[in-house]
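Chain by chain, the residues:
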Amino acid sequence: MKNAIGEFPEGFLWGAATAAYQIEGAVTEGGRGKNIWDTFTHTPGAIKNGENGDIACDHYHRWREDIALMQQLNLDAYRFSIAWSRILPQGRGTVNQAGLDFYSRLIDGLLEAGIQPFVTLYHWDLPQALQDEGKGWLRRGIVEDFVQYTDVVTRAFGDRVKHWTTFNEPGVFTWGGYVLGEDAPGWRMQPGAALTALHHVFLAHGASAQVIRENVPQSQVGIVLDINVAEPASEAPEDVAAALRFDGMQNRWFLDALLRGEYPADMVALFGEQMPRIETGDMQRMAVPLDYLGINIYRRSVIAHGDELVPVNYCRVLPPGEHTLMGWEVYPKCIYDILKYVNERYGPPKIYITENGIALPDEVSPDGHVHDERRIAYLRDHLTYLQRAIAEGVPVRGYFVWTLMDNFEWALGFEPRFGLIYVDHQTQQRIMKDSGYFYADIAKKETAVK
Ligand SMILES: N=[N+]=NCCCCNC(=O)[C@@H]1[C@H]2[C@H](O)[C@@H](O)[C@H](O)[C@@H](CO)[C@@H]12
């Protein structure tokens, strides 16, 4: 298909992405159990402006309106996550039928609108009951809990949902939750805990993929990673070495483990006694064949040597130029660079760009519109580099904007607006931004560019 950006493969999917805790609200409705983000957001000082996702975008009640907006965007696909604690309020055991019913209605609504559901099983919202019992992902037995959760939802929706992502950004919720303290459960400086949690997440991923394939005919199974090419801040040996360590932590730890069944030796040596306990067969259990790799990409990583974040000892350098409300550099070539990096080293069968977008201080103008020119430029420039990577043979089969609508941006609350759709979080009014109209034109099938 051809559009204002250029030529894209037939069947290329134009999508948008969200996550349950960031949009649903209704945290005590429909039998939903408590999760670690309910706890974390109600911990004083954890979230900017003391905000939380108790209501968020009220998507739990407004999902029909939101599907209609997806149709206005001409979306082929919609990536969303299921809240584990809506399905199994205590993390395991008794299934909550009201939770299954909510997602069943949502999936039926998407299919009726001609939109393919791409489901993420885990987008950071662990049932609190599992966190309380043995500290969540630190307990190896949690793998069985995730298997039960996978079994319940794939039996319920596998007749209609074919694309299943096990985890979203395992590195972010483990390093963020156990080292940086920026994400639930908010632990700090426990790299050994992060690596142990990550090991169990990888095991859960492998076990879950098996269950998905047993329960869902013609399933497509993948995982979503926030991988990022590391550029040394200078040619100084300590910066080059730091960039290699960052590449090991941010990229090779995940790609080598999940696609090759081995942890990278340089990082194993670096982590030393922080390494998780690895049982015989673990590495084979996690490295199951994948149908696709999801890549979330926002920026590039310019890396210098640093004294913090032991033992990786790196720090990010923010180059001059345009920055987003997240403090991230706008560097559109990052999407081309990461696609070439992954394709040349690992050659996954298919890739989806599962998140790409920009946080801006969007406002409604007196004319009632949201003139987000910077987001249009961001999307246009990243899509141009994406198209170049595809033209050079990288097997990208779809692109999902982060995000459908302005939502709860984790520790930063509602201030960073990433949406194609503006949301007034007081009134819940939705307003299509100019970037939404831009994206609808890109995604429109009959857009003929002469
Ligand atoms: N901890 N921490 N620290 C740094 C995290 C850097 C990378 N963050 C992401 O990629 C997240 C991804 C997420 O899926 C989505 O739920 C978030 O809303 C977007 C926007 O932030 C992106």
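Only a predicted model underlies this, so the values are computations on that prediction, with no experimental measurement involved.

Draft legend 1. Representation of the nonpolar core within the structure. Trp137, Leu339, Leu386 and Tyr399 are the most contacted members of the largest nonpolar core, which totals 152 residues. Of the residues forming this core, the biggest block, 12 residues, is contributed by helix H9 (residues 191-215). When sequence neighbours within four positions are dropped, the list of residues in contact with Leu339 reads Ile295, Ile351, Ile353, Leu386, Ala389, Val394 and Val396.

Draft legend 2. Quick look at the packing of aromatic side chains. Overall, the coordinates contain 44 aromatic pairs when judged by the stated rule. Grouped by ring-pair contacts, the aromatic residues Tyr21, Trp37, Phe40, Trp124, Phe408, Trp410 and Phe414 constitute a single cluster. A cation sits over an aromatic face here: Arg300 above Tyr331, 3.9 Å from the ring centre.

Draft legend 3. Region of the structure containing the sheet that holds strand S6 (residues 230-232). The 3 strands lie next to each other as S6-S8-S9, forming an open sheet whose pairing is mixed. The sheet is open, and its two edges are formed by S6 and strand S9 (314-317), each paired on a single side. The average angle at which neighbouring strand axes cross in this sheet is 45°, direction not considered. In the sheet, S6 pairs with strand S8 (residues 301-305) via 3 bridges, with the strands oriented parallel. Residue pairing for S8: Glu231 is matched across the bridge by Val302. Across the sheet, helix H10 (residues 237-260) lies against S6, S8 and S9, angled at about 125° from S8, the strand it touches most.

Draft legend 4. Structural view of the pattern of salt bridges. All chains considered together, the criterion is met by 36 salt bridges. For Arg160, the salt bridge identified is with Asp159, shortest N-O distance 3.2 Å. Arg160 gets classed as buried once you look at its relative accessible area, which sits at 19%. Residue Asp266 pairs with Arg252 through a salt bridge whose shortest N-O separation is 2.9 Å. Separated by 14 residues along the polypeptide, Asp266 in helix H11 (residues 265-271) and Arg252 in helix H10 bring together distant segments of the chain. The exposure class assigned to Asp266 is partly exposed, which follows from its relative accessible area of 34%. Taken together, the shared-partner salt bridges in this structure form one network comprising Asp362, Asp372, Arg375, Asp406, Arg417 and Lys433.

Draft legend 5. Representation of unusual backbone geometry in the model. Cis peptide bonds are those with omega within 30 degrees of zero, and the linkage from Val310 to Pro311 qualifies with 5°. Topologically, Pro311 is positioned in the loop between S8 and S9. Cis geometry is adopted by the peptide bond preceding Thr403, which originates at Trp402 and carries an omega value of 15°. Structurally, the position occupied by Thr403 is in the loop between strand S11 (396-402) and strand S12 (421-423). Positive phi values are uncommon outside glycine, yet Leu309 reaches one of about 50°. Among the secondary structure elements, Leu309 is positioned in the loop between S8 and S9.

Draft legend 6. Layout of the environment of Leu318. Note on placement: Leu318 falls in the loop between S9 and helix H13 (333-345). Separated by 74 residues in sequence, Leu318 and Glu392 have C-alpha atoms that sit 29 Å apart. In this structure Leu318 touches His323, Gly327, Trp328 and Glu329, once residues within four positions along its chain are discounted.

Rules of the game
Residues numbered from 1 in each chain as written. Predicted model: local features only at pLDDT ≥ 70, side-chain atom pairs only at ≥ 80, totals over all residues. Heavy atoms only, no water. Core = buried A, V, L, I, M, F, W, Y, C linked by side-chain atoms within 4.5 Å. Buried < 20%, exposed > 50% of the residue type's maximum accessible area, 1.4 Å probe, protein only. Helix = DSSP H or I, 4+ residues; strand = E, 2+ residues; numbered from the N terminus. Contact = heavy atoms within 4.5 Å. Phe/Tyr/Trp six-rings, centres within 6.5 Å; stacked < 30°, edge-to-face > 60°. Lys NZ or Arg CZ within 6 Å of the ring centre and 35° of its normal. Pairing = 2+ DSSP bridges. Axes fitted to C-alpha atoms, helices over the stretch in contact; angles between N-to-C directions. Salt bridge = Lys/Arg side-chain N within 4 Å of Asp/Glu carboxyl O.

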